[in-house]
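Topology and contacts: notes
The lines below spell out each chain.
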Amino acid sequence: MPSFKIDTSTAMVFVATAPEPKVKNFATGERAVNQEGRPLSTVGLLVSDEGEGNLLKVVVPENGYPEGLVPGMPVQVIGLKARDWENVIKGEKRSGISFSAVAITPLGA
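The following paragraphs examine the structure supplied in this document. (Residues numbered from 1 in each chain as written. Predicted model: local features only at pLDDT ≥ 70, side-chain atom pairs only at ≥ 80, totals over all residues. Heavy atoms only, no water.)

1. Examining the overall build of the protein
To keep things clear, this is the line we draw: A run of H or I in DSSP becomes a helix once it reaches four residues, and a run of E becomes a strand once it reaches two; helices and strands are each numbered from the N terminus. Just to be clear, the radius of gyration here is over C-alpha atoms, and the globule rule we use is 2.2 Å times residues to the power 0.38. Burial here depends on accessible area, computed with a 1.4 Å probe over protein chains only, as a share of the maximum for the residue type. Under 20% is buried, over 50% is exposed, and the range in between is partly exposed. Between two residues, a contact is recorded if the distance between any of their heavy atoms is within 4.5 Å. Shrake-Rupley sampling with a 1.4 Å probe provides the accessible areas, and residues are treated as covered by the protein chains on show and by no other component. For the charge count, each Lys or Arg is scored as positive and each Asp or Glu as negative, with His and the chain ends excluded. One atom stands in for each charge, and that atom is NZ of Lys, CZ of Arg, CG of Asp or CD of Glu.
Across its full length, the protein carries 0 helices and 10 strands. Written out in order from the N terminus, the α and β elements of the protein read β-β-β-β-β-β-β-β-β-β. In terms of C-alpha radius of gyration, the protein reaches 15 Å, essentially the compact-globule figure of 13 Å for 109 residues. Across the 109 residues of the protein, 27% fall into the buried class. Look at the contacts in the protein between residues 6 or more apart in sequence, and 56% of them connect residues 24 or more apart. Summed over its atoms, the accessible surface of the protein is roughly 7,500 Å², and 54% of this surface lies on carbon and sulfur atoms. Each charge class in the protein can be summarised by its mean position, and for the 11 positive and 12 negative side chains these summaries are 8 Å apart.

2. Examining the sheet that holds strand β1 (residues 3-5)
Hydrogen bonds between backbone groups are what pair the strands of a sheet, and the pairing can be parallel or antiparallel. The following threshold applies: Only strands that DSSP links by at least two bridges are regarded as paired with each other. Between the N-to-C directions of two axes lies an angle of 0 to 180 degrees, each axis being a line fitted to C-alpha atoms and, for a helix, fitted only over the stretch in contact.
Sheet architecture is open: 6 strands sit in the order β1-β8-β9-β6-β5-β2, paired in mixed fashion. The sheet is open, and its two edges are formed by β1 and β2 (12-21), each paired on a single side. Going from strand to strand, the sheet's axes swing by 35 degrees on average, the running direction of each strand aside. Relative to strand β5 (residues 40-49), β2 runs antiparallel, the two being bridged by 7 bridges.

3. Quick word on the layout of surface pockets
The condition is simple: Whether a set of points on the 1 Å grid over the protein atoms alone is a cavity depends on a 1.4 Å probe fitting there but being unable to get out, while an open set qualifies as a pocket with protein on both sides within 12 Å along at least five of seven lines; lining residues are those with an atom within 4 Å of a point. Grid points are joined across faces, edges and corners, and a volume is the space filled by probe spheres set on the points. Put simply, Ala, Val, Leu, Ile, Met, Phe, Trp, Tyr, Cys and Pro go in the nonpolar bin, Asp, Glu, Lys and Arg in the charged bin, and everything else, Gly too, in the polar bin.
Put simply, the largest pocket is a space of about 970 Å³. Every residue lining the largest pocket is counted, 30 residues in all, and those nearest its centre are Lys-22, Leu-40, Val-59, Phe-99 and Ser-100. Secondary structure elements with two or more residues in the lining of the largest pocket: β2, β3 (23-25), β5, β6 (52-61), β8 (81-89) and β9 (92-100). Of the residues assigned to the lining of the largest pocket, the class counts are 14 nonpolar, 9 polar and 7 charged. Of all the elements in the fold, those that place two or more residues in the lining of the second largest pocket are β8 and β9.

4. Considerations on the nonpolar core
Selection criterion: Only buried Ala, Val, Leu, Ile, Met, Phe, Trp, Tyr and Cys residues count toward a nonpolar core, and they belong to the same one when joined by side-chain atoms within 4.5 Å.
Formed by 18 residues in total, the largest nonpolar core has its most connected members in Val-13, Leu-45, Val-58, Val-75, Leu-80 and Ile-104. Those elements that provide at least two residues to this core are β2, β5, β6 and β7 (75-78). If we ignore the near neighbours within four places in the chain, the residues touching Val-13 are Leu-45, Leu-46, Val-47, Met-73, Pro-74, Val-75 and Val-77.

5. Describing unusual backbone geometry
Notably, Glu-50 is not glycine yet its phi reads approximately 55 degrees, a positive angle. If you trace the backbone, Glu-50 turns up in the loop between β5 and β6. Overall, the relative accessible area of 79% leaves Glu-50 in the exposed class. Phi at Lys-90 takes a positive value of approximately 55 degrees, unusual for a residue other than glycine. Among the structural elements, Lys-90 can be located in the loop between β8 and β9.

So yeah, pure geometry; function would need other evidence.
Next up, the structure:
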């Protein structure tokens, strides 16, 4: 499925939830990794732009953010992309949009 770049150059972005490991298989605890084999984490971000705010769960490589990201911290998102997804499990169709980024850095860093 294609992915789409998201321009956050005019947005204010804040950490909503601190990074957490992204789990691929909850039964085994296996950690999700990217194509380079780097472990992935999920960070909640509040993106506010043009009078509208959205809470996004963004997947980012573990080496793509510094330690110490805490809720309320203003950040810059590098390489934010959206991709739609669809799964059918046991006859139940589910779909949504997933978000990923190359990096998240504290604003002004």
